[in-house]
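Okay, here's what each chain looks like letter by letter:
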Amino acid sequence: MGAPLQGLILQAGEGERRVRRPKAAGEPGLPDPFIIKVDRRNGESSDLVMGYEELGPGQEIPAHSHLIADEIIFVHKGSGRVTLGDREATVSAGGTVYIPRNVRIGLMNTGSEPLGIAFIFSKPGFEELMRENSVLEGEPVTPISPEERAAIQSRHSWHTVRAR
């Protein structure tokens, strides 16, 4: 039997800092780092996943659905437009979006400052997709080819699908 879990205390910029790899097809990626704060690797949580990221003005998280996990997005700072299922609404600092599994979610920063969001998942899975689409901060950031992106999406289709 291993040592009992002790939990984590992480400050604002602490955690597993990663940078998304750009899409080779010329689609813009999200250039700012994101942080995986809690998951199986960070804190040894077998159930929860939590992270933080900032979207610059005009940047967006494309519409997608999570098949096995509920998600909560807490807006830490800034403002944006969220699409949740068939609804659209403005969200701003202090706002919360609850996304049940199988419901389409998309988010765009419509403000003039970074949109800072904390994201929490009820089950693991999505963080591994995020890892495959990124590198640790400080490592070389190479584009993802269309073939590699398709393979990554196929490997993770059991929990996340892009909306059409």
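Residues numbered from 1 in each chain as written. Predicted model: local features only at pLDDT ≥ 70, side-chain atom pairs only at ≥ 80, totals over all residues. Heavy atoms only, no water.

A. Region of interest: the pattern of salt bridges. Counted by the stated rule, this structure contains 13 salt bridges. Across the salt bridge formed by Arg131 and Asp39, the nearest N and O atoms sit 2.7 Å from each other. Of this pair, Arg131 sits in helix 1 (residues 126-132) while Asp39 sits in the loop between strand 2 (34-38) and strand 3 (49-55), placing them 92 residues apart in sequence. The pair Arg131 / Asp39 is uniform in exposure class, with both members buried. Its salt-bridge partner being Arg40, residue Glu127 comes within 3.6 Å of it at the nearest N-O pair. On the criterion of sequence distance, the pair formed by Glu127 in helix 1 and Arg40 in the loop between strand 2 and strand 3 is long-range, its members being 87 residues apart. Within the structure, one salt-bridge network assembled from shared partners comprises Glu16, Arg18, Asp39, Arg41, Glu128 and Arg131. (Salt bridge = Lys/Arg side-chain N within 4 Å of Asp/Glu carboxyl O. Helix = DSSP H or I, 4+ residues; strand = E, 2+ residues; numbered from the N terminus. Buried < 20%, exposed > 50% of the residue type's maximum accessible area, 1.4 Å probe, protein only.)

B. View of unusual backbone geometry. Even without glycine at this site, Glu44 takes up a positive phi of about 60°. Tracing the backbone through its elements, the reader meets Glu44 in the loop between strand 2 and strand 3. Unlike most non-glycine residues, Asn102 shows phi in positive territory, near 70°. Its place among the elements puts Asn102 in the loop between strand 8 (96-99) and strand 9 (105-109). According to the relative accessible area criterion, Asn102 is exposed, its value standing at 51%.

C. Examining the environment of Gly78 more closely. Looking at where Gly78 falls in the secondary structure, it is placed in the loop between strand 5 (71-77) and strand 6 (79-84). Expressed as a C-alpha distance, the spacing of Gly78 and Ile105, which sit 27 residues apart in the sequence, is 18 Å. If sequence neighbours within four positions are ignored, Gly78 has contacts with Val91, Ser92, Ala93, Glu113, Pro114 and Leu115. (Contact = heavy atoms within 4.5 Å.)

D. Inspection of the sheet that holds strand 3 at higher detail. With antiparallel pairing, the seven strands of this open sheet are ordered in space as 8-5-10-3-2-1-11. Looking at the sheet topology across the chains shown, the edges are occupied by strand 8 and strand 11 (134-136). Neighbour-to-neighbour, the strand axes of the sheet open up by a mean angle of 25°, direction not taken into account. Where strand 5 and strand 8 come together, four bridges link them in antiparallel fashion. When the sheet's bridge partners are listed, Phe74 is paired in strand 8 with Thr96. (Pairing = 2+ DSSP bridges. Axes fitted to C-alpha atoms, helices over the stretch in contact; angles between N-to-C directions.)

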